[in-house]
Amino acid sequence: MYYINGEWHESDQKEQITNPATLEVIDTISVCGAEETKVAIAAAKEAFKSWKKTTGDQRSAYLSKTVKLMKARVDELAQIITLENGKPLPDAKREVLGAISYLDWYAEEAKRIYGEVLPASHKDKSLMVIKQPVGVCGAITPWNFPLSMITRKLAPALAAGCTVVLKPAMETPLSAIKVFECFHEAGLPKGVVNLVIGPDAEGIGKELTSSTDVRKLTFTGSTFVGKKLVRDSADTMKKVSMELGGHAPYIVFEDADIDLAVEGVMLSKFKNSGQTCISTNRVYAHKSIAEEFAEKLAKRTAELKIGDGLEEGTDVGPLINKKSLDKMKEQVEDAVKNNAKVVTGGNVYDYEDGDGYFFEPTVILNATDDMVIASEETFGPIAPVFTFESEEEIVEKANNTLYGLAAYCYTKNLGRGLRMMKELEFGIIGINDPAPIVIQAPFGGIKESGMGKEGGKFGLEEYLEEKFVSIYEN
Ligand code: NAP
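Residues numbered from 1 in each chain as written. Predicted model: local features only at pLDDT ≥ 70, side-chain atom pairs only at ≥ 80, totals over all residues. Heavy atoms only, no water.

- The name given to the protein chain in an unreviewed UniProt entry is NAD-dependent succinate-semialdehyde dehydrogenase, with Siminovitchia acidinfaciens as the source organism.
- Under the Sequence similarities (unreviewed entry) heading, UniProt states for the protein chain: "Belongs to the aldehyde dehydrogenase family." (UniProt positions renumbered as here; feature names shortened; annotations may be inferred.)

Next comes the structure, spelled out in structure tokens:
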């Protein structure tokens, strides 16, 4: 099923959606491709003519209505996320509430889009800056947060007065269908939001990037695909926002609260089976406390319960697909070949003799810079522990990556925390905080982790253009 110009469409081309915990088919859906994307762009272009003229209050009312509808379906939405993505049901529920909160926040922000009056340099002139919606936006989202990545883009776009063509990940389109059902029920005018679902990501992407009618492209996914989309968008000089990969360092100084630091890794490494762009990738423990820290970390990691996300008490669900599972095996094999020691986990997990993509939560000691895991994004439940001896050394090591999304630092020394805040080259820094994400804050990376921000007032600006007006009062 896909949704164009206010209507649901079926086609002869079908795709099966499977549960990564069991490999059972959970649904078979109609899909589309480049041709339908062209039609969706045309519908969004037509709808933009009137949507851009709506008042902030009107757009706010549509978003609030969608919030109400989604709130009534929290359990249903969470169930879908768990079935298609695999994450434990309580985490899926948290994602649904998070997804709703973006719509809620931007329903308010829609009313607060201000321009500015500038001081003139001539006595007979008046100068002002007005803000207007960018236009038709293409949005491409990943599977790891199949609902909240959608609302984090669509809520500010709609609040700003833009219309949208969304392409969700092929692994998790059911969450997207559900949120579009809510948009439909909320009565959004036809063409304002359009959903294209199909396996030809490249073909759909090409339509979105090459169209002169699409004025902005917002993408969350891998750095590899992000770079391609930026290159392809250059010809039509689109505004782009890119939320890409990461390789977060997690630094534990000798003066840190070790237990707190261990619990932080449990959250930032193993939630969502490590499939989060701000997940810890490299744990750096100061040499003097490394042994105690690693022992505690391994003990806590071994306690995690692996299983189907629908089963009560599951801490860690499956990975999304076989490719991810193979990557875990390869990273561990490479680390072991380079003298790392696996202290817990390290293997594919055979869950109930099934075919699901489970990998044991893993802690690796003696990690070194020449291992693949030291530079390649893991996107899975493996925590490699490196050691360091000085603040100067760790700043250099932590920054020695092409990525710049999130970094974590544990210390009780305020001065050191502040120095880290300034020295670490990442867009998001958690100091004694493993979850530095909050709706009012700018979320996004620097370097090859992307450009542009999502969240709060910063996220709204991405969908607005500034227009300067100079008036000569004759
Ligand atoms: P991916 O391969 O880049 O896929 C992401 C999305 O892009 C999917 O919808 C995919 O469609 C689509 N896509 C793939 N190739 C495309 C192309 N040539 N043209 C247009 N669209 C294309 O990423 P992934 O590996 O599934 O997702 C994990 C990555 O996302 C990680 O690197 C992670 O760090 C990053 N991520 C970043 C953030 C952030 O906020 N910075 C948040 C979450 C995830 P199909 O599914 O149909 O292939």
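That covers the picture; the talk isn't over yet.
Observations concerning the packing of helix α2 (residues 56-71) against helix α5 (residues 148-160)
Alright, step 1. Packing of α2 against α5 brings their axes to within 8 Å, and their N-to-C directions diverge by 150°. Looking at the two axes, α2 sits roughly antiparallel to α5. Crossing of α2 against α5: the hand is right-handed. Contact residues: α2 offers Arg59, Leu63 and Met70, while α5 offers Thr151, Ala155, Leu158, Ala159 and Ala160.
Alright, step 2. Tallied by class, the residues present in the contact of α2 with α5 amount to 6 nonpolar, 1 polar and 1 charged. (Axes fitted to C-alpha atoms, helices over the stretch in contact; angles between N-to-C directions. Helix = DSSP H or I, 4+ residues; strand = E, 2+ residues; numbered from the N terminus. Parallel < 35°, antiparallel > 145°, perpendicular 65-115°, else oblique. Left-handed = near helix turned anticlockwise from the far one by under 90°. Contact = heavy atoms within 4.5 Å. Nonpolar A, V, L, I, M, F, W, Y, C, P; charged D, E, K, R; others polar.)

Focus: the site of the ligand
Alright, step 1. In the vicinity of the ligand lie 29 residues, with Thr141, Trp143, Ser222, Leu244 and Glu377 positioned nearest.
Alright, step 2. Measuring from an oxygen atom of the ligand, one finds a side-chain N or O atom of Trp143 at 2.6 Å.
Alright, step 3. Between the ligand and the protein, one listed contact pairs an oxygen atom with a side-chain N or O atom of Lys167 at 3.0 Å.
Alright, step 4. Compared with its free state, where it exposes 910 Å², the ligand has 86% of that area covered by protein.
Alright, step 5. Secondary-structure elements contributing two or more residues to the shell around the ligand are α7 (201-210), β10 (214-220) and α8 (223-234).
Alright, step 6. A breakdown of the residues in the shell around the ligand according to their chemical character gives 15 nonpolar, 8 polar and 6 charged.
Alright, step 7. In this structure, the shell around the ligand is formed jointly by two domains, domain 1 (2-244 + 447-472) and domain 2 (248-431), each of which donates at least three residues. (Near = heavy atom within 4 Å. Polar contact = N/O pair within 3.5 Å; in protein donor to acceptor, adjacent residues only side chain to side chain. Areas by Shrake-Rupley, 256 points an atom, 1.4 Å probe, with all protein chains shown as cover. Domains from an automatic or database assignment.)

Describing the UniProt feature "domain: Aldehyde dehydrogenase" (unreviewed entry) in the protein chain
Alright, step 1. Mapped onto this numbering, the UniProt entry gives "domain: Aldehyde dehydrogenase" (unreviewed entry) at residues 8-469.
Alright, step 2. Between the C-alpha atoms that bound residues 8-469 the distance is 42 Å, and the span itself is 39% helix and 20% strand.

Overview of the nonpolar core
Alright, step 1. The biggest cluster of nonpolar side chains holds 55 residues, and the ones touching the most others in it are Leu158, Phe180, Phe183 and Val193.
Alright, step 2. No other element matches helix α4 (residues 89-109), which puts 8 residues into this core.
Alright, step 3. With near-sequence residues (within four places) excluded, Leu158 lies in contact with Trp51, Arg59, Leu63, Val164, Phe183, Leu188, Val192 and Val193.
Alright, step 4. Ranked by size, the runner-up nonpolar core spans 31 residues in total, among them Leu405, Ala406, Tyr408 and Tyr410. (Core = buried A, V, L, I, M, F, W, Y, C linked by side-chain atoms within 4.5 Å. Buried < 20%, exposed > 50% of the residue type's maximum accessible area, 1.4 Å probe, protein only.)

Some details on the packing of aromatic side chains
Alright, step 1. This structure, assessed with the given rule, holds 11 aromatic pairs.
Alright, step 2. Seen in terms of ring centroids, Trp143 and Phe379 are 5.7 Å apart; in terms of plane orientation they differ by 80°. Their pairing is edge-to-face. Taken together, the positions of Trp143 in the loop between β7 (136-140) and α5 and Phe379 in the loop between β15 (362-365) and β16 (382-388) put the pair 236 residues apart, joining distant regions of the chain. Note on accessibility: Trp143 and Phe379 belong to one class, buried.
Alright, step 3. Ring centres of Tyr250 and Tyr410 lie 5.0 Å apart, and the angle between their planes is 25°; on these two criteria the pair is classed as stacked. In this pair, Tyr250 is assigned in strand β12 (residues 248-252) and Tyr410 in strand β17 (residues 406-410), connecting sequence segments 160 residues apart.
Alright, step 4. Since its relative accessible area comes to 0%, Tyr250 is described here as buried.
Alright, step 5. Tyr410 sits in the buried class, given a relative accessible area of 1%.
Alright, step 6. Through successive ring pairs, a cluster of aromatic residues spans Tyr3, Trp8, Phe180 and Phe183.
Alright, step 7. Positioned over the ring face of Phe443 is Arg152, at 4.1 Å from the centre of the ring. (Phe/Tyr/Trp six-rings, centres within 6.5 Å; stacked < 30°, edge-to-face > 60°. Lys NZ or Arg CZ within 6 Å of the ring centre and 35° of its normal.)

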